[in-house]
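Structure assessment
The primary structure of each chain is shown beneath.
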Amino acid sequence: MNQKIIVIGGGIGGLAFANLAAKKGYPVTLLEKNEQLGGVAGQFSEAGFTFDMGPSWYLMPDVFQSYFDLLGEKVEDHLHLVRLDPSYRIFFQNQGRSFDFYSDLERDIPTFESLEPGVGPVLRDYLEKSKYQYEIAIRGFMYKNNDTIFDFLNKQVAIEGRELEVFSKMSDYVNKHFKTDEVQKIMQYTLVFLGSSPYNTPALYNIMSHIDFNMGVFYPKGGIHEIPKALVRIGEKLGVKYRTSVPIAQINTRRGPSVKSVRLENGEKIEADIIVSNASVHHTESLLPRPYRDHSQRYWNSRKLAPSALIMYLGVEGKVDSLTHHNLLFSPDWKKNFAEIFDAPQWPTDPSLYICVPSKTDPSVAPEGCENLFVLVPIAARTEYTEDELEDQSNRILRLIEKEMDCPGLRERIIYKKLFSVKDFESHYNKLGGTALGLSHTMMQTAILRPNNRSKKVENLFYVGADTNPGIGMPIQLISAELAFKRIIGDTTSAHLASV
Ligand SMILES: Cc1cc2nc3c(=O)[nH]c(=O)nc-3n(C[C@H](O)[C@H](O)[C@H](O)COP(=O)(O)OP(=O)(O)OC[C@H]3O[C@@H](n4cnc5c(N)ncnc54)[C@H](O)[C@@H]3O)c2cc1C
């Protein structure tokens, strides 16, 4: 355990990996480009408001629990979690109505029945199957490093997993079960969490419905940024060394090739025996000499990127009564909206959007009598714009919110406004094409078809984060951290580790 490990990047994945390696006894130094640790789960305070910059849904509490257990820690000692009630509110554009969902079937079925009479039993069966698939995914392959299709389709998955729906499309799978446009949208929207479109994502991801409707939606008081803060608190106890504002400019190799050191932008060199990069795979490869990169520029140009976003951080005077903690507005033309994000990139005509109002649950994030709004509109990665265009688009979105989400006069009450979009994702986090999330989970970018978490060409270079396996999402990075850790300790099992 005396091999020196350097972790490039302090997103959730990098922080989580560093803790596992330090617990095992490796000397670990984590080097982060930005001033703050947490990656896209950053936070800032302005004008009395505290804004989480990226993620806002605490899902898959079981995965957080398993990760903390592994470190001998308790989630509740670090995070004050509140189960949201309702979990979220959905508005349908042009319909003037909204519906609340509670992640509690007994309370949710009457709502579904009002949207599609007779759907209750179908929904129960559908969610039973989602639960079964989720359990296979967790037990069978999420925690396993798969290098070939034969690793992935191991005996257990082959026997139990015939039901996994790996080869059908999510849109077809949902539409086979549900008839109305509204219910179909409700059962598909969770794919946006994965940066994906229902029209090209395997139906395997209907496991998201189990997460959504059976497990509940939580919020850590103080904000989502409490999660990386907790990881760092644990890491400090375990001896992880953190350095911030130190962008890495180059990965140096020795003959083999294997990793040798990193060079920071300020010229300083730091030796390493093992490097685990939490920066995007594309960016990390750009730090290597060209012959040592696993993927060509052509490969990256042909990747389907998960969406970027137009994000507005808004401080609002007075209360916004029509909204709850999580709010979704669904586009009337679902297919066109996904096409404008994934296939024919352009500013969305009639966008779907999301608003988080954490001040509904947590008064600490806004001055008294005010509301904290995080507005997110998914848009295509690689979208080009001027600052004036971005401002115009944000005003268009605000008018839409006023009209469709029953918030008249919202614009006049905004006392703080900051925009964050494609160019910011690119410059702040080194995300390819300004994607907010990484590589989309299309059929061709799922499981073994995502970039591997081990460099094929450079020995002792590994990856952790949303671009590799299992993929996008905060809890998923805790699994990704365990997968990178398993690589290093040579563990090839499919189960979540029992101990470090
Ligand atoms: C707007 C938004 C909303 C989201 N909503 C949710 C949600 O509600 N729930 C959920 O579970 N997930 C959500 N996600 C997804 C989830 O937040 C991410 O998948 C996850 O946090 C990504 O973690 P990561 O480990 O891949 O690292 P990242 O957060 O991508 O961090 C990578 C780090 O590497 C650093 N880095 C890059 N280049 C260098 C370099 N050269 N030198 C040093 N450091 C470098 C970056 O600065 C960054 O800190 C959301 C994401 C976004 C952006």
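Definitions and cut-offs
- Residues numbered from 1 in each chain as written.
- Predicted model: local features only at pLDDT ≥ 70, side-chain atom pairs only at ≥ 80, totals over all residues.
- Helix = DSSP H or I, 4+ residues; strand = E, 2+ residues; numbered from the N terminus.
- Rg over C-alpha atoms; globule rule 2.2 N^0.38 Å.
- Contact = placed C-beta atoms within 7 Å.
- Pairing = 2+ DSSP bridges.
- Axes fitted to C-alpha atoms, helices over the stretch in contact; angles between N-to-C directions.
- Core = buried A, V, L, I, M, F, W, Y, C linked by C-beta atoms within 7 Å.
- Buried ≥ 20, exposed ≤ 12 C-beta atoms within 10 Å, placed from the backbone.
- Domains from an automatic or database assignment.
- Nonpolar A, V, L, I, M, F, W, Y, C, P; charged D, E, K, R; others polar.
- Parallel < 35°, antiparallel > 145°, perpendicular 65-115°, else oblique.
- Left-handed = near helix turned anticlockwise from the far one by under 90°.
- Right-handed = clockwise from strand over helix to strand, strands pointing away.
- Near = placed C-beta within 6 Å.

Along the protein chain, the regular secondary structure elements total 17 helices and 19 strands. In terms of C-alpha radius of gyration, the protein chain reaches 22 Å, essentially the compact-globule figure of 23 Å for 500 residues. Expressed as lengths along the three principal axes of its C-alpha atoms, the size of the protein chain is roughly 65 × 55 × 45 Å. Counting only contacts in the protein chain whose residues sit at least 6 apart along the sequence, the fraction spanning at least 24 positions is 71%.

Pairing is mixed across the open sheet formed by seven strands, whose spatial order is S7-S6-S15-S16-S17-S14-S18. Every interior strand has two partners, whereas the edge strands, strand S7 (97-101) and strand S18 (414-420), have only one. Along the sheet, successive strands turn relative to each other by an average axial angle of 20 degrees, direction set aside. As paired elements, strand S16 (residues 353-356) and strand S17 (residues 370-379) share three bridges and run antiparallel to each other. Paired with Tyr354 across the bridge in S17 is Leu376.

Next up on the list: the nonpolar core. Counting residues in each nonpolar core, the largest one holds 141 residues, and the members touching the most others are Phe17, Ile275 and Val375. Two domains share this core, each providing at least three of its residues, namely domain 1 (5-39 + 62-67 + 223-302 + 441-489) and domain 2 (107-215).

Look at the link from Asp85 to Pro86: it is a cis peptide, with omega at 5 degrees. Mapped onto the secondary structure, Pro86 falls in the loop between strand S5 (81-83) and strand S6 (88-92). Of the consecutive residues Gly256 and Pro257, the connecting peptide bond is found in the cis state with omega at -10 degrees. The residue Pro257 is located in the loop between strand S10 (248-254) and strand S11 (258-264) in this model. Of note in the backbone geometry, Ala47 takes a positive phi value of approximately 50 degrees without being a glycine. C-beta crowding within 10 Å serves as the criterion here: with 12 such atoms nearby, Ala47 is assigned to the exposed category. Notably, Arg382 is not glycine yet its phi reads approximately 70 degrees, a positive angle.

As a further point, take the domain arrangement of the protein chain. One can read the domain layout of the protein chain as domain 1 (5-39 + 62-67 + 223-302 + 441-489) and domain 2 (107-215). Here the C-alpha centroids of domain 1 and domain 2 sit 29 Å apart. The interface of domain 1 with domain 2 comprises 17 residues on the first partner and 16 residues on the second. Looking at the side of domain 1 that touches domain 2 residue by residue, the class counts come to seven nonpolar, seven polar and three charged.

In this section: the sheet that holds S11. An order of S10-S11-S12 is seen for the three strands of this open sheet, with the pairing classed as antiparallel. Edge strands, defined here as strands with exactly one partner in the open sheet, are S10 and strand S12 (269-271). Mean inter-strand twist for the sheet, computed between neighbouring axes without regard to direction, equals 30 degrees. As judged from the three bridges shared by S11 and S12, these two strands associate in the antiparallel manner. Of the residues in S12, the one forming a bridge with Val262 is Ile270.

Our next topic: the packing of helix H1 (residues 12-24) against helix H17 (residues 474-489). Between H1 and H17, whose axes approach to 8 Å, the crossing angle comes to 40 degrees. Taken together, the axes of H1 and H17 are oblique relative to one another. Every pair of crossing elements has a handedness; the one defined by H1 and H17 is right-handed. Across the interface between the two elements, Ile12, Gly13, Ala16, Phe17, Leu20, Ala21 and Lys24 from H1 touch Met474, Gln477, Leu478, Ser480, Ala481, Glu482, Ala484, Phe485, Ile488 and Ile489 from H17. Residues that form the contact of H1 with H17 fall into these classes: 12 nonpolar, three polar and two charged.

Time to look at the pairing of strand S2 (residues 28-31). Bridge analysis of strand S1 (residues 5-8) against S2 gives four bridges, and the strand direction is parallel. Considered in S2, the bridge of Ile8 is made with Leu31. The handedness of the S1 to S2 crossover, carried by H1, is right-handed. Relative to strand S9 (residues 241-243), S2 runs parallel, the two being bridged by three bridges. Each residue of the ladder has a partner; that of Thr29, found in S9, is Lys241.

Both faces of strand S13 (residues 274-277) are covered, namely the face carrying Ile274 and Val276 and the face carrying Ile275 and Ser277. Here four bridges tie S1 to S13, and the two strands are oriented parallel to one another. Looking across to S13, one finds that Ile8 is bridged to Ser277. Pairing geometry for S13 and strand S19 (residues 461-463), over three bridges, is parallel.

The subject of this paragraph is the site of the ligand. By nearness alone, 37 residues border the ligand, and Gly9, Gly11, Gly13, Gly39 and Gly465 come closest of all. Within the residue set of the shell around the ligand, elements represented by two or more residues are H1 and H17. In terms of residue class, the shell around the ligand is made up of 20 nonpolar, 15 polar and two charged.

Bringing the packing of helix H4 (residues 105-115) against helix H5 (residues 120-142) into the picture now. For the pair H4 and H5, the least separation of the axes is 9 Å and the interaxial angle reads 130 degrees. Relative to H5, the element H4 lies oblique. The way H4 lies across H5 gives a crossing that is right-handed. Facing Leu105, Ile109, Phe112 and Glu113 of H4, the residues of H5 in contact are Gly120, Leu123 and Arg124.

By the secondary structure assignment, Ser171 is in helix H8 (residues 170-177). In sequence terms Ser171 and Pro470 are 299 residues apart; their C-alpha atoms lie 21 Å from each other. Leaving out residues up to four positions away in the same chain, Ser171 has contacts with Gln188, Pro198 and Tyr199.

Let us look at the environment of Leu373. Examined against the element boundaries, Leu373 turns out to sit in strand S17. Along the backbone, Leu373 and Asn453 are 80 residues apart, and their C-alpha atoms lie at a distance of 36 Å. If sequence neighbours within four positions are ignored, Leu373 has contacts with Leu314, Val316, Ile355 and Val357.

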